[in-house]
Amino acid sequence: MSRLLEKPNVAMPIKTSNGQLTTTTIASASPLATSSNNSTTGNITEINETSKQDYEQPAPANTKAATNLDAVLISLTAGAAAGALAKTTIAPLDRTKINFQINKNVRYSFRAAVEFLKYTYTKEGILALWRGNSATMARIVPYAAIQFTAHEQWRKILHVDKDGTDTKVKRFLAGSLAGITSQSLTYPLDLARARMAVTDKYTGYKTLRQVFVKIWIEEGPHTLYRGYWATVLGVIPYAGTSFFTYETLKREYTEMTGNTKLNTLVSLGFGAAAGAVGQTSSYPLDIVRRRMQTMGVTKDGHSKYPTILATLTTIYKEEGIKNGFYKGLSMNWIKGPIAVGISFSTYDLIKEFLRELLHLKRGRSDLTDSPK
């Protein structure tokens, strides 16, 4: 009976292109065969869905931790490179500025700055223009690395501009806290750099190590943090306005052009503007901290600048506001924008490069680990 229900195979003659007849058998599908095919298709679909679910499992918790660690390492690397490049570029101008800041008897002018550079070159050679740069590198590499990384982390903690919101106060606060964090962790190196910048290799310190040894023995370990509070008070407006100005300009540029990636020249320009604003806002306190830092090695400042208030009072009485608190500011308007512009643009450039490199590496790793 079952044989009668089955549909027979039908043989049909078909003429080929060479005129010969061939017989083709057309098999009719039975209900049982169709059922079997449907069952097989269903099984395959289930397998595919199971495999899809296996691949679409949520990422483990350690993946997020690894991502955060990658972001920190990228910020540290990019920040260190940016700071080193920026400070090395303007090192001769930085030494000139410090020399005028701590010498009250030397009246600053552009011509006097050029004369100082020429005198230093003639007396000690061209490398003397970078004297103290080793101390600067020992300080600026960790300082810049910590500052940029801290800024990224403070932005996350404070939810700066989260979900498209415009949080100006938080943007300023994140920059200030980043500056305080980095300055607190590297301050002794800043003091050592200032000491080396205002002395020569014959009468002052020959190496960075000698700075710390002599200060520790002759002046006491507490001297390594002399001028710290003046520095912190200065870094709040400096770092705050620098990061605020740069991030705000970037935000406005993106809204106007729709381009989220800045080219190098635009980034340099925004960084230069941020540097000019930041340097001007904190310059008087920069004068105070330099006087306090170099008190033990200058002729007229051995005991005149013990505290912030005493330093402010002495400078005001003896030199006035313009010639005291803003001495060398025009030099800072040259070197500051250059340094900050290079620093911000280099940081963004290297950070973006390292991110793309990391994504490329992860992509290759995913291809390698994927099932064959």
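An unreviewed UniProt entry lists the protein chain under the name Mitochondrial coenzyme A transporter SLC25A42, with Glossina palpalis gambiensis given as the organism. The record held by UniProt for the protein chain lists under Sequence similarities (unreviewed entry) the comment "Belongs to the mitochondrial carrier (TC 2.A.29) family."

This brings us to the pattern of salt bridges. Under the counting rule described, the total for this entry stands at 26 salt bridges. Arg 193 serves as the salt-bridge partner of Asp 94, at 2.4 Å between the closest nitrogen and oxygen. In this pair, Asp 94 sits in helix α4 (residues 91-102) while Arg 193 sits in helix α7 (residues 168-197), placing the two residues 99 residues apart along the sequence. Residue class for Arg 193 comes out buried when judged on its relative accessible area of 3%. Across the pair Glu 152 and Lys 351 runs a salt bridge whose closest N-O atoms are separated by 3.1 Å. Of the two residues, Glu 152 sits in helix α6 (residues 133-158) while Lys 351 sits in helix α13 (residues 329-369), which places them 199 residues apart along the sequence. With a relative accessible area of 17%, Glu 152 lands in the buried category. Since its relative accessible area comes to 12%, Lys 351 is described here as buried. Taken together, the shared-partner salt bridges in this structure form one network comprising Lys 87, Asp 94, Lys 97, Arg 139, Asp 190, Arg 193, Asp 286, Arg 289, Arg 290 and Lys 335.

When pLDDT is averaged along the protein chain, the result is 80, and 77% of the positions lie at 70 or above. Ranking the helices and strands of the protein chain by mean pLDDT puts helix α9 (residues 228-257) first, with 94, and helix α1 (residues 2-5) last, with 42. Contacts from residues 1-63, a stretch scored under 50 in pLDDT, to residues over four places away or in other chains number 25 contacts.

Interhelical geometry of α9 versus helix α10 (residues 264-293) gives an angle of 175° and a closest axis separation of 8 Å. In terms of their interaxial angle, α9 and α10 are classed as roughly antiparallel. Grouping the amino acids of the contact of α9 with α10 by side-chain chemistry returns 15 nonpolar, twelve polar and two charged.

Here the focus is α9. Taking 1.5 Å per residue as the helical rise, α9 with its 30 residues ought to reach 44 Å, and the 42 Å between its terminal C-alpha atoms agrees with that figure. The sharpest bend along α9 reaches about 30° and sits at Val 235, with the proline Pro 237 one to four residues further on. A positive backbone phi angle near 80° is found at Gly 258, which sits one or two residues after α9.

Phi angles above zero are rare outside glycine, and Asp 161 is one such case at about 50°. As for its placement among the helices and strands, Asp 161 is situated in the loop between α6 and α7. The buried category is assigned to Asp 161, whose relative accessible area is 16%. One non-glycine residue, Asp 163, adopts positive backbone phi at about 55°. Position of Asp 163 among the secondary structure elements: in the loop between α6 and α7. On the accessibility criterion, Asp 163 (73% relative accessible area) is exposed.

With that settled, the discussion passes to the nonpolar core. Ranked by internal contacts, the top residues of the largest apolar core, which has 13 residues, are Met 196, Tyr 205, Leu 208, Val 211 and Ile 215. When residues of this core are traced back to their parent elements, those giving at least two are α7, α8 (208-219) and α9. Among the elements that line this core, the one with the most residues is α7, at five residues. Not counting the four nearest positions on each side in its chain, Tyr 205 is found in contact with Arg 131, Arg 195, Met 196, Thr 199, Asp 200, Gln 210, Val 211, Lys 214, Ile 215, Glu 219 and Val 297. Core analysis: the next-biggest nonpolar cluster, separate from the first, contains eleven residues, Tyr 246, Ala 274, Val 340 and Phe 344 among them.

On the surface, a nonpolar cluster with roughly 340 Å² of combined accessible area is contributed by Phe 110, Val 114, Ile 334 and Ile 338. Those elements that provide at least two residues to the nonpolar patch are α5 (110-124) and α13. Structurally, the position occupied by Val 114 is in helix α5. Overall, the relative accessible area of 33% leaves Val 114 in the partly exposed class.

Quick notes on the rules
- Residues numbered from 1 in each chain as written.
- Predicted model: local features only at pLDDT ≥ 70, side-chain atom pairs only at ≥ 80, totals over all residues.
- Heavy atoms only, no water.
- UniProt positions renumbered as here; feature names shortened; annotations may be inferred.
- Salt bridge = Lys/Arg side-chain N within 4 Å of Asp/Glu carboxyl O.
- Helix = DSSP H or I, 4+ residues; strand = E, 2+ residues; numbered from the N terminus.
- Buried < 20%, exposed > 50% of the residue type's maximum accessible area, 1.4 Å probe, protein only.
- pLDDT = per-residue confidence, 0-100.
- Contact = heavy atoms within 4.5 Å.
- Axes fitted to C-alpha atoms, helices over the stretch in contact; angles between N-to-C directions.
- Parallel < 35°, antiparallel > 145°, perpendicular 65-115°, else oblique.
- Nonpolar A, V, L, I, M, F, W, Y, C, P; charged D, E, K, R; others polar.
- Expected span 1.5 Å × (residues − 1).
- Bend = angle between axes of the 7 residues up to and from the residue.
- Core = buried A, V, L, I, M, F, W, Y, C linked by side-chain atoms within 4.5 Å.
- Patch = residues over 30% accessible without salt bridge, like charges linked within 9 Å, V, L, I, M, F, W, Y side chains within 5 Å.
- Areas by Shrake-Rupley, 256 points an atom, 1.4 Å probe, with all protein chains shown as cover.

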